[in-house]
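Given next are the chains, with one letter for each unit.
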Amino acid sequence: MKLLQIATQLAVALLLPPLLLGVIVKVKAFFAGRVGAPLLQLYRDVWKLWRKGSVFSTTTTWVFKAGPVVNLVAVLLMPLGTHRALLSFAGDAILFAYLLALGRFFTIVAALDTGSSFEGMGAAREATFSALAEPGLFLGLMALARKSGSVSLSQMLGPKLLDAWFDSGGALVLVIASFFVVLLAENSRIPFDDPNTHLELTMIHEVMVLDHSGPALGMILYGAALKLFLLGALIARLVTPISTGNPWLDWLVFVVAMVGLSGLVGIVESTMARLRLLHLPRLLVAASIISVFAIILAR
Amino acid sequence: MIAWFVLVAIGLVAASGVPGLFFARSSSAGERIAVGMLSSAAALALFAIGHVVISGAAAELSLSWAVPGGALSIRIDALAAFFLVPIFAISALGAIYGLEYWAQAQQQQNGRRLRLVYGLIVAGLAITTVAANGMLFLAGWEVMTLAAFVAIGTEDHLPGTRAASYLYLVATRVGTLCLFAMFALIYGSTRSFALVHMDWLTPGPATAIFVLGLLGFGIKAGVMPLHIWLPSAHAAAPSHVSALMSGVLIKIGIYGLVRTLSLLPTPPVWWAVLLLSLGGVSGVLGVAFAIGQHDIKRLLAYHSIENIGIILLGIGVAVLGRALHRPELVVLGLAGGLLHVWNHGLFKGLLFLSAGAVIHACHTREIDQLGGLLPKMPRTSILFLIGAVAICGLPPLNGFVSELLVYLGLFDAARSSQAEVWLAPSLAAAALALIGGLALACFVKVFGAAFLGHRRSNHSAAAHDGGGLLLAPMGVLAACCMVIGLAPATIARFLNLAVAVFGPVPTSSSLQALAPFSYLSLASAILLACALGGGALLARRLQSGTSAGLTWDCGYVAPGKRMQYSSSSFAEMLVGLFQWALRPKVHRERVPGFFPRPTRFASQVDDAVLDQLLRPAIASVGGWLNRLRWLQPGSLNLYLLYVVFALVLGLVWARGVHPQ
């Protein structure tokens with residue numbers, strides 16, 4: 001039974017992420033009055049890219065190839081923010097944030113390896129906005145730690161979460177708001193970045209991976225989906241604090257919540273425009289301040 | 001007996017530069033003897049330290065000394081031993097590096113002088129660390145401080161170097177003055193210069209001692225508003241001296257602070273809040289200033305300020321734990337801070353040495369003049385990359401372990417329900433998170449601009465890896481970074497013993513019980529294995545079907561090296577966000593018409609605290625004091641008269657105070 005549980009968690013964590021991006025695309029297509037790409041398009045893309053050839057710039061070195069690998073590995077090892085984690089220890093919430101940073105380090109370095117000024121610009125923006133998003137994430141985690149008395153994700157989001165909602169629901173609402181802004185920033189979604197516009201100077205993540213092709217690009221796409229999934233899992237669990245006692249039902253609730261969250265991201269993308277670049281730091285600082293209020297309310 | 005080992009080691013390092021003075025300037029015998037003496041001293045000292053750690057008992061030695069109030073009493077407890085390890089190890093590695101970097105044959109003007117003071121710095125540091133007497137402490141402190149002044153001024157034919165060393169000298173005089181006052185207060189309270197516990201001290205004198213210590217030690221450590229000497233001194237010194245200064249010398253300030261705090265009675269909460277605030281300010285502004293720098297060594301120097309901030313955050317948590325009688329906070333905070341002392345010594349030493357190798361090969365410190373070094377200097381590049389990942393506090397390397405301990409302490413402290421207790425740690429954790437993000441931005445900037453892409457000037461055209469003497473010390477440092485990252489449990493015992501010096505710790509809150517070391521090792525090992533496995537998988541997949549091309553530049557067919565994003569462009573947005581503190585100077589010419597002529601752009605981030613705060617303040621005070629100039633007309637007779645007056649007044653006062 002235990003083994004089956006582990007297998008389920010691995011299956012959900014490894015197979016669900018590309019679907020979420022499919023959901024976002026479908027929602028956006030619905031708002032635009034189009035049919036949109038199939039839900040499972042990203043699975044096909046990743047599979048196709050893995051079998052394709054690739055072109056490497058003569059400027060690049062091994063760092064360019066190491067970037068996608070380290071990013072993917074770092075994201076794969078990030079602890080899953082549910083109450084049923086495979087492995088949990090005091091401080092895994094901090095490991096979560098720092099693995100995210102490790103992936104970012106190598107993605108940026110790989111972008112700079114091309115010597116292209118486009119990718120340099122994207123890299124500089126990614127570094128800047130992610131640095132400003134860190135306090136928001138940590139202050140949110142701090143609020144959860146204060147509430148749960150633990151620095152482990154599976155305790156923070158554990159069975160006592162429902163009591164926490166009754167106890168100080170306001171704090172959790174603020175944490176969710178802050179995490180949602182961090183999610184949008186870390187995954188370069190609207191209003192931070194428009195993932196659809198290739199080759200425009202206003203982009204962050206997409207422009208950093210402009211030179212990657214073939215299997216490496218596949219790894220990047222899959223890594224990006226995983227990142228959305230893992231940050232989203234925090235929010236999904238906060239929104240659905242119930243533990244039914246039946247693991248299968250719990251997983252079902254989790255998957256539904258994740259799909260719902262992707263739908264919300266899609267709605268945000270359909271109804272909002274990208275903010276001006278200079279206004280983005282304010283939004284991130286606002287997320288931090290919201291988290292500070294959450295800490296004050298988390299009693 | 002064990003203390004004698006350390007004493008002999010100190011004697012060896014102190015004398016390490018002396019034999020060289022008896023050889024010809026062109027002879028390399030002196031430097032080899034010096035390296036031999038420093039290495040054997042390191043071996044002796046490490047053996048003694050190993051004994052202290054295994055036995056768990058402090059080694060003591062007391063000899064008489066003719067200085068009034070002084071005694072040659074040394075005491076090597078676990079805390080002193082913990083600081084002695086980097087002092088001896090990094091100095092020996094730096095000396096080996098110096099054999100090639102600052103070879104006597106090439107540096108005949110100043111090589112022997114540098115070697116003489118190098119040994120004296122190390123000896124001074126070691127004496128300060130083991131001193132159990134205030135006089136001996138100050139003697140070691142002054143030897144180290146003044147020797148470092150000479151070492152910073154090694155290239156004293158350059159005006160910038162002279163300015164940097166004088167600035168350092170002035171700053172250290174202020175610091176030493178504070179320490180004199182502090183030890184005088186301690187003497188006033190205890191009637192002795194012996195460094196003993198002062199648990200019975202009332203809050204008034206205790207606070208005065210703490211504040212003076214914070215000022216005096218803070219100037220040496222480079223805590224943010226007191227850091228003014230640090231960036232230019234680190235940039236001016238030869239790279240292996242910079243590594244010693246940044247990795248070891250400024251930590252003596254931390255040692256002094258921790259030692260003083262350990263002697264004082266239970267602190268009030270506001271000391272901890274002050275330490276946490278100073279740590280947060282040093283950390284965030286240190287890294288913000290670093291992002292604006294163009295000189296690779298100045299940039300690394302500002303990162304030292306940042307890391308001192310992180311260490312102060314750890315110490316702040318420990319002080320909070322003592323104030324609230326919560327031993328688990330003491331353990332997590334102090335262990336995190338102390339481990340970061342080692343870690344910073346390792347990765348900052350590595351970064352300064354690899355930056356030195358780049359400067360050695362390219363003859364410039366300007367980041368925007370480098371570029372494309374990775375294919376030319378593959379080994380140096382990978383060593384710099386290891387240092388960069390470590391200093392950003394990323395897993396699986398050592399920086400993550402110490403930052404995690406500090407985070408755990410901050411999170412633990414923030415769970416308290418008292419408002420004055422939880423607010424500071426919460427904000428400090430946010431500051432630490434911001435520091436991590438900004439450090440990452442800064443080091444991807446340096447690594448990207450200096451080592452990746454095309455070369456940006458002809459400086460790096462003929463660059464190549466240094467010889468074994470340059471690479472081996474860096475390799476050792478990089479290996480240590482990995483070992484601590486992968487197996488942090490190996491030093492848990494040492495840390496526990498060192499923390500116990502600071503305050504009694506029940507076994508239930510030992511470091512092993514509080515920190516998830518085994519999980520960390522597991523996670524780091526899996527991370528490393530998966531990264532290597534993933535790399536191998538991708539490499540196998542890429543064996544066929546790949547082709548080479550140009551970097552995609554939107555169809556533009558002639559992308560050039562000057563079209564690359566420069567390091568100052570990379571930093572521009574962050575410098576803009578921190579404009580209120582950095583006060584960047586931008587020189588921009590107008591671009592008129594549709595077909596403008598060539599134009600210039602320059603930006604610079606100087607030290608705003610020194611230039612905008614201290615210099616104007618000092619200038620106004622100096623202008624005011626000018627009115628007393630008539631007292632100093634420059635006539636020797638008058639000065640002699642002043643001396644006589646002072647003598648007479650002193651005698652009269654002495655008679656009045658102590659009548660026979």
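Residues numbered from 1 in each chain as written. Chains lettered and ligands numbered in written order. Predicted model: local features only at pLDDT ≥ 70, side-chain atom pairs only at ≥ 80, totals over all residues.

**Student:** Just checking my understanding: could you explain the overall build of chain B for this structure?
**Tutor:** Counting its regular elements, chain B contains 24 helices and 5 strands. Against the compact-globule benchmark of 26 Å for 660 residues, chain B has a radius of gyration of 26 Å, which places it among compact chains. Taking the principal axes of its C-alpha atoms as reference, chain B extends roughly 100 × 70 × 60 Å. Here chain B holds 660 residues, and 55% of them are scored as buried. Expressed as a percentage of contacts within chain B between residues at least 6 apart in sequence, the contacts between residues at least 24 apart total 79%. (Helix = DSSP H or I, 4+ residues; strand = E, 2+ residues; numbered from the N terminus. Rg over C-alpha atoms; globule rule 2.2 N^0.38 Å. Buried ≥ 20, exposed ≤ 12 C-beta atoms within 10 Å, placed from the backbone. Contact = placed C-beta atoms within 7 Å.)

**Student:** I would appreciate a short explanation of the overall build of chain A in the present structure.
**Tutor:** The number of helices and strands found in chain A is 11 helices and 1 strand. Taken from N to C terminus, the helices and strands of chain A fall in the order α-α-β-α-α-α-α-α-α-α-α-α. The C-alpha radius of gyration of chain A comes to 19 Å, within 12% of the 19 Å expected for a compact globule of 299 residues. Its C-alpha atoms give chain A principal-axis dimensions of roughly 55 × 45 × 40 Å. The 299 residues of chain A split such that 58% are buried. A fraction of 80% describes how many contacts in chain A between residues 6 or more apart in sequence connect residues 24 or more apart.

**Student:** Can you walk me through the domain arrangement of chain B in this structure?
**Tutor:** Interfaces are frequently sized by the accessible area removed from exposure as the parts join. All names here are of chain B. Taken domain by domain, chain B comprises domain 1 (1-202 + 224-248), domain 2 (266-533 + 566-586) and domain 3 (608-657). Here the C-alpha centre of domain 2 lies 24 Å away from the C-alpha centre of domain 1. Opposite the 27 residues of domain 1 that make contact, domain 2 presents 40 residues. Counting only elements with at least two residues in the side of domain 1 that touches domain 2, the list comes to α3 (78-101), α8 (230-236) and α9 (239-249). The element best represented in the side of domain 1 that touches domain 2 is α3, accounting for 11 residues. Grouping the constituent residues of the side of domain 1 that touches domain 2 by class yields 17 nonpolar, 8 polar and 2 charged. (Domains from an automatic or database assignment. Nonpolar A, V, L, I, M, F, W, Y, C, P; charged D, E, K, R; others polar.)

**Student:** Any chance you could explain the environment of B:Lys585 here in plain terms?
**Tutor:** Residues and elements named next belong to chain B. For Lys585, the location among the structural elements is in strand β4 (residues 585-588). Sequence separation between Lys585 and Asp606 is 21 residues, and the spatial gap between their C-alpha atoms is 7.9 Å. Those residues in contact with Lys585, other than ones at most four positions away along the chain, are Ser603, Gln604 and Asp606.

**Student:** Got a minute to help me understand the packing of α3(B) against α9(B) in this structure?
**Tutor:** The axes of two packed helices give the description: the angle between them and the distance between them. All names here are of chain B. With their axes 9 Å apart at the nearest point, α3 and α9 run at an angle of 170° to one another. The orientation of α3 relative to α9 falls into the category roughly antiparallel. Helix-helix and strand crossings are classified by hand; for α3 and α9 the assignment is right-handed. Facing α3, whose interface residues are Pro86, Ile87, Ile90, Ser91, Gly94, Tyr97, Gly98 and Tyr101, α9 presents Ser239, His240, Ala243, Leu244, Gly247 and Val248. (Axes fitted to C-alpha atoms, helices over the stretch in contact; angles between N-to-C directions. Parallel < 35°, antiparallel > 145°, perpendicular 65-115°, else oblique. Left-handed = near helix turned anticlockwise from the far one by under 90°.)

**Student:** How should I be thinking about the interface of chain B and chain A in this particular structure?
**Tutor:** Taken together, the contact pairs 60 residues of chain B with 61 residues of chain A. Those elements that place two or more of their residues in the side of chain B that touches chain A are α15 (398-414), α16 (419-451), α20 (517-541), β3 (546-549) and α21 (567-577) of chain B. Ranked by the residues each element gives to the side of chain B that touches chain A, the list is headed by α16(B), at 13 residues. With 4 bridges joining them, strand β1 (residues 54-57) of chain A and β3(B) adopt parallel strand pairing. Within β3(B), the residue paired with A:Phe56 across the bridge is B:Ala548. (Pairing = 2+ DSSP bridges.)

**Student:** Help me understand the packing of helix α13 (residues 327-362) of chain B against helix α18 (residues 492-502) of chain B, please; the structure alone is not making it clear to me.
**Tutor:** All names here are of chain B. Between α13 and α18, whose axes approach to 9 Å, the crossing angle comes to 115°. α18 is crossed by α13, and the crossing has right-handed handedness. In this structure, α13 contributes Val330, Val331, Leu334, Ala335, Leu338 and Leu339 to the contact, and α18 contributes Leu495, Ala498, Val499 and Phe502. The residue inventory of the contact of α13 with α18, partitioned by class, reads 10 nonpolar, no polar and no charged.

**Student:** Would you take a moment to explain unusual backbone geometry for this structure?
**Tutor:** What is expected of a backbone is that most residues other than glycine have negative phi and most peptide bonds are trans. Omega for the bond connecting A:Ile190 with A:Pro191 falls within 30 degrees of zero, at 10°, which places this linkage in the cis form. Relative to the assigned elements, A:Pro191 resides in the loop between α7 (161-186) and α8 (205-208). Here the amide bond leading from B:Pro395 into B:Pro396 is cis, since omega sits at 5°, within 30 degrees of zero. Of note in this structure, A:Ser188 is not a glycine but carries a positive phi near 55°. Tracing the sequence through the fold places A:Ser188 in the loop between α7 and α8. One non-glycine residue, B:Arg191, lies in the positive phi region at around 60°. Tracing the sequence through the fold places B:Arg191 in the loop between α6 (159-190) and α7 (203-221). Under the C-beta neighbour-count criterion, B:Arg191 is labelled exposed, with 8 such atoms within 10 Å.

**Student:** Please clarify how the confidence of the model for chain B should be interpreted in this entry.
**Tutor:** Summing up the model confidence of chain B, the mean pLDDT is 91 and the portion of residues at 70 or higher is 98%. At the level of individual helices and strands, chain B shows its lowest average pLDDT in helix α19 (residues 511-514) of chain B, which scores 85, and its highest in helix α14 (residues 378-391) of chain B, which scores 96. (pLDDT = per-residue confidence, 0-100.)

**Student:** I keep staring at α3(B) and nothing clicks. Help me out?
**Tutor:** Along an α-helix, a turn takes 3.6 residues, which lines up residues three or four apart on a common side. Counted at 1.5 Å a residue, the expected span for α3(B) with its 24 residues is 34 Å, and the 34 Å between its end C-alpha atoms agrees. Counting buried positions along α3(B) yields 21 of 24 residues, so the element is predominantly enclosed. (Expected span 1.5 Å × (residues − 1).)

**Student:** Help me understand the environment of A:His205, please; the structure alone is not making it clear to me.
**Tutor:** Residues and elements named next belong to chain A. Mapped onto the elements of the fold, His205 is located in helix α8. Of the residues examined, His205 has 21 C-beta atoms within 10 Å and is grouped as buried. As a C-alpha pair, His205 and Gly140 span 65 residues in sequence and 24 Å in three-dimensional space. Every residue in contact with His205, bar those within four places of it in the chain, is listed here: Gly122, Glu126, Ser188 and Asp193.

**Student:** What is the right way to look at α14(B) in this model?
**Tutor:** Between the first and last C-alpha of α14(B) there are 20 Å, a value that for 14 residues agrees with the 20 Å anticipated at 1.5 Å per step. With respect to burial, α14(B) is a largely interior element, 11 of its 14 residues being buried.

**Student:** How do you make sense of the environment of A:Trp50 when you look at a structure like this?
**Tutor:** All names here are of chain A. Mapped onto the secondary structure, Trp50 falls in helix α2 (residues 41-51). Between the C-alpha atoms of Trp50 and Phe229, which are 179 residues apart in sequence, the distance is 21 Å. Sequence-distant contacts of Trp50, that is, excluding residues within four places in its chain, are made with Pro215 and Gly218.

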